[in-house]
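# Summary of the model geometry
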Amino acid sequence: MAMLLNFGSYENPTGDEDPGFARFKRVYPRKEAWLDARREWRKLRPDAHMQELIMQALEWQMQQASWQEDGGKWIPRADKWIRGGRWLDEPPAEQPAKLDWFAECREMHGGACGLSQQVHHTRKILDAGRQAK
Ligand SMILES: [Zn+2]
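Everything quoted here is computed from the prediction, not taken from an experiment.

Turning next to the overall build of the protein chain. Counting its regular elements, the protein chain contains 8 helices and 0 strands. The buried share of the protein chain, reckoned over its 133 residues, is 14%. Excluding contacts between residues fewer than 6 apart, the proportion of contacts in the protein chain whose partners are at least 24 apart in sequence is 60%.

The structure is reproduced here in structure tokens:
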């Protein structure tokens, strides 16, 4: 059991302390190959600006049909995503309507729902319930 404990928690499965990587791990939807991903992250050593670019890229990439289909099986492994510099991909010219929820979240919650549409919608429903009382 001690070995399992050393391996970290669910939130921090590799026992990694780098807050930038921890944030990436929280957001990145394919929860696999974290040790390889961390190795790539350390090689990359993204500064704060690059980390922002990474998060912004994930915002739209997570809305892509290919990432939503088939239980996310077309989502690249995180290590490959980092190694491939996939945050440099260009978003599709036409922003899908699905992105609207994130703009709405920025307005309503200051983006506090992270990148989770589900969290945002839950918060919206709770807010609406509170206002109705
Ligand atoms: Zn929100």
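All right, on to the confidence of the model for the protein chain then. Taken over all residues, the pLDDT of the protein chain has a mean of 84, while the share at 70 or more is 81%. Looking over the protein chain, one finds the lowest element-wise mean pLDDT in helix α1 (residues 2-6), namely 44, and the highest in helix α6 (residues 78-83), namely 97. Every residue in residues 1-6 is under pLDDT 50, and counting partners more than four places away or in other chains gives 1 contact.

Where the residue is not glycine, phi is negative for most of them; where a peptide bond is considered, it is trans in most cases. Unlike most non-glycine residues, A33 shows phi in positive territory, near 60°. In this fold, A33 is placed in the loop between α2 (19-27) and α3 (34-44). What makes A33 partly exposed here is the crowd of 16 C-beta atoms within 10 Å. Residue R45 is not a glycine yet carries a positive backbone phi of 45°. Residue position: R45 is located in the loop between α3 and α4 (48-61).

Moving on: the nonpolar core. Proteins that are soluble and globular tend to have nonpolar side chains buried together. Judged by nonpolar contacts, F21, F24, Y28, W34, A37, W41, I54, A78, W81 and I82 together constitute the single largest core of 10 residues. Counting only elements with at least two residues in this core, the list comes to α2, α3 and α6.

Within the secondary structure, R123 is located in helix α8 (residues 117-132). Classification of R123 as partly exposed rests on a count of 16 C-beta atoms within 10 Å. Linking R123 and A112, residues 11 residues apart in sequence, is a C-alpha distance of 10.0 Å. In contact with R123, not counting residues within four places along its chain, are H109 and C113.

Here is what the cut-offs are and how they apply
Per chain, residues are indexed from 1 in the order of the written sequence. Whole-chain, interface and lining totals are the exception, using all residues; otherwise, since this is a predicted model, local features are given only for residues with pLDDT of at least 70 and side-chain atom pairs are given and counted only at 80 or more. Here a helix means four or more residues in a row that DSSP labels H or I, a strand means two or more in a row labelled E, and each is numbered from the N terminus. Counting other C-beta atoms within 10 Å of each residue's C-beta, where C-beta atoms are placed from the backbone, gives the exposure class: buried for 20 or more, exposed for 12 or fewer, partly exposed between. We call two residues in contact if the C-beta atoms placed from their backbones are at most 7 Å apart. Per residue, pLDDT captures the predictor's confidence, and it can take any value from 0 to 100. Under the definition applied here, buried Ala, Val, Leu, Ile, Met, Phe, Trp, Tyr and Cys residues are grouped into a nonpolar core through C-beta atoms within 7 Å.

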